[in-house]
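Observations on chain architecture
Each chain, written out:
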Amino acid sequence: MKTILKIIAILLVASVVAGGFSLAINNTSSSSGTIEGGQLPAMTVVNDQSTTQPMAQPEGGDEVNGSIAGGLSGIFFTLVKLTGIAAIVLLLEKAFNALGNRKLSPAQR
Amino acid sequence: MSTKNNLILDLSMFGVFLVIANPRLTGGSIHEWLAVSFSAAVITHLISHWDWIVKVGREFFKKLWHQSRLNFVVDTLFFIAMTGSLFSGLLISESVLSTLGIQLDVSRSWRSIHSLMSDASVVMLGLHFALHWKWLTTNIERYIVNPVRNLFPRSTPNVLAAQPLQLHKDK
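Residues numbered from 1 in each chain as written. Chains lettered and ligands numbered in written order. Predicted model: local features only at pLDDT ≥ 70, side-chain atom pairs only at ≥ 80, totals over all residues. Heavy atoms only, no water.

Section: the overall build of chain A
- From N to C terminus, chain A includes three helices and one strand.
- Going residue by residue from the N terminus, the α and β elements of chain A occur as α-β-α-α.
- The proportion of buried residues among the 109 residues of chain A is 20%.
- Here chain A has roughly 8000 Å² of accessible surface; of this, 66% comes from carbon and sulfur atoms. (Helix = DSSP H or I, 4+ residues; strand = E, 2+ residues; numbered from the N terminus. Buried < 20%, exposed > 50% of the residue type's maximum accessible area, 1.4 Å probe, protein only. Areas by Shrake-Rupley, 256 points an atom, 1.4 Å probe, with all protein chains shown as cover.)

This is the structure in structure tokens:
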């Protein structure tokens, strides 16, 4: 299979997933009856002055402002989370393997 | 793609993921553009494992329990979480879309989805990491630890003890 076809296939699956998210958000907002809701944002072109809407200010603006200390501590906590999750899975895997070996040993005897 | 290149790509992606997951470090604009480039890296990663994806995808329902099956489920959920995170991030982005000349009316739900899917991606990466632990440790040792160790062969006593004849020849 050619690489371009693989890329198209991946993008197709990604767009299906993205479409699923859009549908889920639209359904949630329509069922809850909120105006703000989660509709897919209406697209406007910047050059077209008549249709341009003022852009909403992002929430938690402070969060996206660069700060090396905050960012590095964030990376540290992400690494801690990843290590914790990986450690739990590896321990579970070990436990399952040990259980499997115990079940096998009487049969081997 | 060779194992070494796979390892380089994976470790680079891991580093970029850590940076993207903490937008405070870079600020919003770099966060958004890094995420766009990261999506290209994700596509490259998927293409490099295409044969495995197709093979396990075909045999998914044949065997009831197999390590590859668990990997496939985790990887699929990871892909969904990453796609959700990148797509919602694109919709709420300021820098990327304004560069393209597009402005979107940002809604709160997409921000929530972005936050939720980003957290889910971290969890799925942890699982992905754990399930490929053996491959990762083996190849890190093979391509990173051992070459670095070989740079200083005489500094460790074990190496000196293992090669006494070589030392005599040097003298």
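Let's talk about helix H1 (residues 3-20) of chain B
- The end-to-end C-alpha distance of H1 of chain B is 25 Å, a good match for the 26 Å that 18 residues give at a rise of 1.5 Å each.
- Within H1 of chain B, burial applies to Asn-6, Leu-7, Leu-9, Asp-10, Met-13, Phe-14, Phe-17, Leu-18 and Ile-20 of chain B. (Expected span 1.5 Å × (residues − 1).)

Observations regarding the nonpolar core
- Among the nonpolar cores identified, the biggest contains 38 residues, and Ile-10 of chain A together with Phe-38 and Trp-110 of chain B are the most heavily contacted of them.
- Put simply, the parts of the chain that give this core at least two residues each are helix H1 (3-32) and helix H3 (68-108) of chain A together with H1, helix H3 (28-48), helix H5 (67-91), strand S1 (102-104) and helix H7 (108-131) of chain B.
- When sequence neighbours within four positions are dropped, the list of residues in contact with Ile-10 of chain A reads Ile-43, Leu-46, Ile-47, Trp-50 and Phe-79 of chain B. (Core = buried A, V, L, I, M, F, W, Y, C linked by side-chain atoms within 4.5 Å. Contact = heavy atoms within 4.5 Å.)

Structural notes on the side chain of Ser-121 of chain B
Residue and element names in this part refer to chain B.
- Within the secondary structure layout, Ser-121 lies in helix H7.
- Of the residues examined, Ser-121 reaches a relative accessible area of 1% and is grouped as buried.
- Not counting residues up to four positions away in its chain, the partners in contact with Ser-121 are Phe-17, Phe-78, Ala-81, Met-82 and Ser-85.

Some remarks on the side chain of His-31 of chain B
Residue and element names in this part refer to chain B.
- By the element assignment, His-31 lies in helix H3.
- At a separation of 3.0 Å, a polar atom in the side chain of His-31 contacts the main-chain carbonyl oxygen of Ile-20.
- The contacts of His-31, once residues within four sequence positions are left out, are Ile-20, Pro-23, Thr-26 and His-114. (Polar contact = N/O pair within 3.5 Å; in protein donor to acceptor, adjacent residues only side chain to side chain.)

Quick notes on the packing of aromatic side chains
All names here are of chain B.
- Taken as a whole, this structure holds six aromatic pairs over all chains when the rule is applied.
- Pairing Trp-52 with Phe-72 gives two aromatic rings, centres 6.2 Å apart and planes at 45 degrees, and the pair type is tilted. Taken as a pair, Trp-52 in helix H4 (residues 50-58) and Phe-72 in helix H5 lie far apart in primary sequence, 20 residues in all.
- By the ring-pair criterion, three or more aromatic residues cluster together here, those being Phe-14, Phe-129 and Trp-133. (Phe/Tyr/Trp six-rings, centres within 6.5 Å; stacked < 30°, edge-to-face > 60°.)

Considering the confidence of the model for chain B
All names here are of chain B.
- Per-residue confidence for chain B gives a mean pLDDT of 85, with 87% of residues at or over 70.
- Of the regions scoring below 50 in pLDDT, residues 167-171 engages in two contacts with residues more than four places distant in sequence or in other chains.
- Scored as a whole, the predicted complex attains pTM 0.77, and scored at its interfaces, ipTM 0.78. (pLDDT = per-residue confidence, 0-100.)

As for the packing of H1 of chain B against helix H8 (residues 133-151) of chain B
Residue and element names in this part refer to chain B.
- Where H1 contacts H8, the two axes come as close as 10 Å, and the packing angle between them is 110 degrees. The angle between H1 and H8 places the two elements in the roughly perpendicular class. On H8, the residues that touch Thr-3, Lys-4, Asn-6, Leu-7, Asp-10 and Leu-11 of H1 are Trp-135, Leu-136, Asn-139, Ile-140, Tyr-143 and Ile-144.
- The residue inventory of the contact of H1 with H8, partitioned by class, reads seven nonpolar, three polar and two charged. (Axes fitted to C-alpha atoms, helices over the stretch in contact; angles between N-to-C directions. Parallel < 35°, antiparallel > 145°, perpendicular 65-115°, else oblique. Nonpolar A, V, L, I, M, F, W, Y, C, P; charged D, E, K, R; others polar.)

Points about the environment of Phe-77 of chain A
Residue and element names in this part refer to chain A.
- With respect to the helices and strands, Phe-77 occurs in helix H3.
- According to the relative accessible area criterion, Phe-77 is exposed, its value standing at 52%.
- Between the C-alpha atom of Phe-77 and that of Met-1, which follows or precedes it by 76 residues, the distance is 41 Å.

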